[in-house]
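The chain contents come next:
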Amino acid sequence: PYKDFGKITVAGLFSQYWLGILFIIVFLLGLVISISYVLTLNRQLAFSQEKIRQERDRVQLYFNIVGTIIVALDMDQKVILINKKGCEILGYTEHEIIGLNWFNHFIPENERKGTYKIFSQLIRDHGEFPEYFENEIVTRKGTRRLIAWHNTVIRNEQGDIVATLASGEDITAR
C-alpha cells in the first residue's frame, strides 16, 4: 500500500533548501545590479542634458552679442531661433516671435512673393541660391527696415535641408 519515494535524508532536504535560497540571492543580486545600472544611466543622461543646455546657452550668448539679426526658419517658414538684435529691431520679445510665420508677420505684403520665392529656391535647390539678398521687414510699430541678408541652410545627418539660417544687417540708414 505504501509507495517507495526513495530515501529522504536530512542532507537532501538541506541541499534543496539552500538551492532555493541561492536562487533567491542570485535573483535579488541581479535586480540590484539592474537598478544600479538604470540609476547610472539616469545620472549620465542628466549630465548629458546639462551639457547640452550649457552648449545651447553658450551659442545663444554668441548669437546675442552679434550686431546683426540672426534668424532661423524651419521648412514651414516659422521662426525657430532669433537673437537679441533681431528682437530689438522688430520690437518683439523672443517668446512672441518664435513659432510665427516669418513671411506673414515680418515681410511687407508687397515683398512677400519675391522674398518667399528666394526662400523656396533655397530649400528646393538644396541650398544653391544667391547668398546675399536685400529686403524690407516690418517692425511692431509698422516701420520698415531694409535688411541685407546672408543666408545658408541647416542640414540633418542625412544631408536633408531642415532649416535656413540668416544673418541680417540693418542698412536702412545707408
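As a reminder, the structure under discussion sits directly above these lines.
Bear in mind the structure is a predicted one, so any value in this text is a computation, not a measurement.

A. A look at the pattern of salt bridges. Under the criterion given, the structure shown has eight salt bridges. Salt-bridge contacts for glutamate 55 lead to arginine 58; the nearest nitrogen and oxygen are separated by 2.8 Å. Of the two residues, glutamate 55 and arginine 58 both sit in helix 1 (residues 10-65), three residues apart, roughly one turn of that helix. In this structure, the salt-bridge partner of arginine 144 is glutamate 136, at a minimum N-O distance of 3.0 Å. Overall, the relative accessible area of 39% leaves arginine 144 in the partly exposed class. The class for glutamate 136 is partly exposed, based on a relative accessible area of 22%. A network of salt bridges, in which partner residues are shared, links Glu50, Arg53, Arg56 and Asp57.

B. Structural view of the sheet that holds strand 3 (residues 132-138). Reading across from one edge, 2-1-5-4-3 is the order of the five strands in this open sheet, with antiparallel pairing throughout. Both outer strands of the open sheet, strand 2 (79-82) and strand 3, are each paired with one neighbouring strand and no more. Each strand of the sheet is rotated relative to its neighbour by a mean of 30°, with strand direction disregarded.

C. How the structure looks around the nonpolar core. Among the nonpolar cores identified, the biggest contains 22 residues, and Val71, Ile82, Trp102, Ile137 and Trp149 are the most heavily contacted of them. Every element with two or more residues in this core is listed here: strand 1 (69-74), strand 2, helix 2 (84-90), helix 4 (102-106), helix 5 (109-124), strand 4 (144-155) and strand 5 (161-170). In this view, isoleucine 82 contacts Gln60, Ile70, Val71, Cys87, Leu90, Glu94, Ile97, Ile98 and Trp102; residues no more than four positions away in its chain are not counted.

D. The arrangement of the pairing of strand 4 in detail. One ladder, built from seven bridges, connects strand 3 with strand 4; its direction is antiparallel. The residue of strand 4 that forms the bridge with isoleucine 137 is arginine 145. Counted between consecutive antiparallel strands, the loop separating strand 3 from strand 4 contains five residues, among which glycine 142 sits at a positive phi close to 90°. Taking the residues that link successive antiparallel strands as the turn, the strand 4-strand 5 hairpin has five residues, and the phi of glycine 159 there is positive, at about 90°.

E. Here's a closer look at unusual backbone geometry. If you check the backbone angles, glutamine 77 has positive phi at about 65° while not being a glycine. Inspection of the secondary structure assignment puts glutamine 77 in the loop between strand 1 and strand 2.

F. Structural context of the environment of isoleucine 154. Mapping isoleucine 154 onto the fold places it in strand 4. Judged by its relative accessible area of 33%, isoleucine 154 falls in the partly exposed class. For the pair isoleucine 154 and leucine 165, spaced 11 residues apart in sequence, the C-alpha to C-alpha distance is 6.8 Å. Residues contacting isoleucine 154, with those up to four places away along its chain left out, are Asp160, Ile161, Val162, Ala163, Thr164 and Leu165.

G. Quick look at helix 5. An ideal rise of 1.5 Å per residue puts 22 Å on 16 residues; helix 5 measures up with 23 Å between its terminal C-alpha atoms. Turning to helix 5, its buried residues number three or more, namely Thr115, Ile118, Phe119, Ser120, Leu122 and Ile123. If you follow the buried residues of helix 5, they end up packed against strand 1, helix 4, strand 3, strand 4 and strand 5.

The rules behind the values
Residues numbered from 1 in each chain as written. Predicted model: local features only at pLDDT ≥ 70, side-chain atom pairs only at ≥ 80, totals over all residues. Heavy atoms only, no water. Salt bridge = Lys/Arg side-chain N within 4 Å of Asp/Glu carboxyl O. Helix = DSSP H or I, 4+ residues; strand = E, 2+ residues; numbered from the N terminus. Buried < 20%, exposed > 50% of the residue type's maximum accessible area, 1.4 Å probe, protein only. Pairing = 2+ DSSP bridges. Axes fitted to C-alpha atoms, helices over the stretch in contact; angles between N-to-C directions. Core = buried A, V, L, I, M, F, W, Y, C linked by side-chain atoms within 4.5 Å. Contact = heavy atoms within 4.5 Å. Expected span 1.5 Å × (residues − 1).

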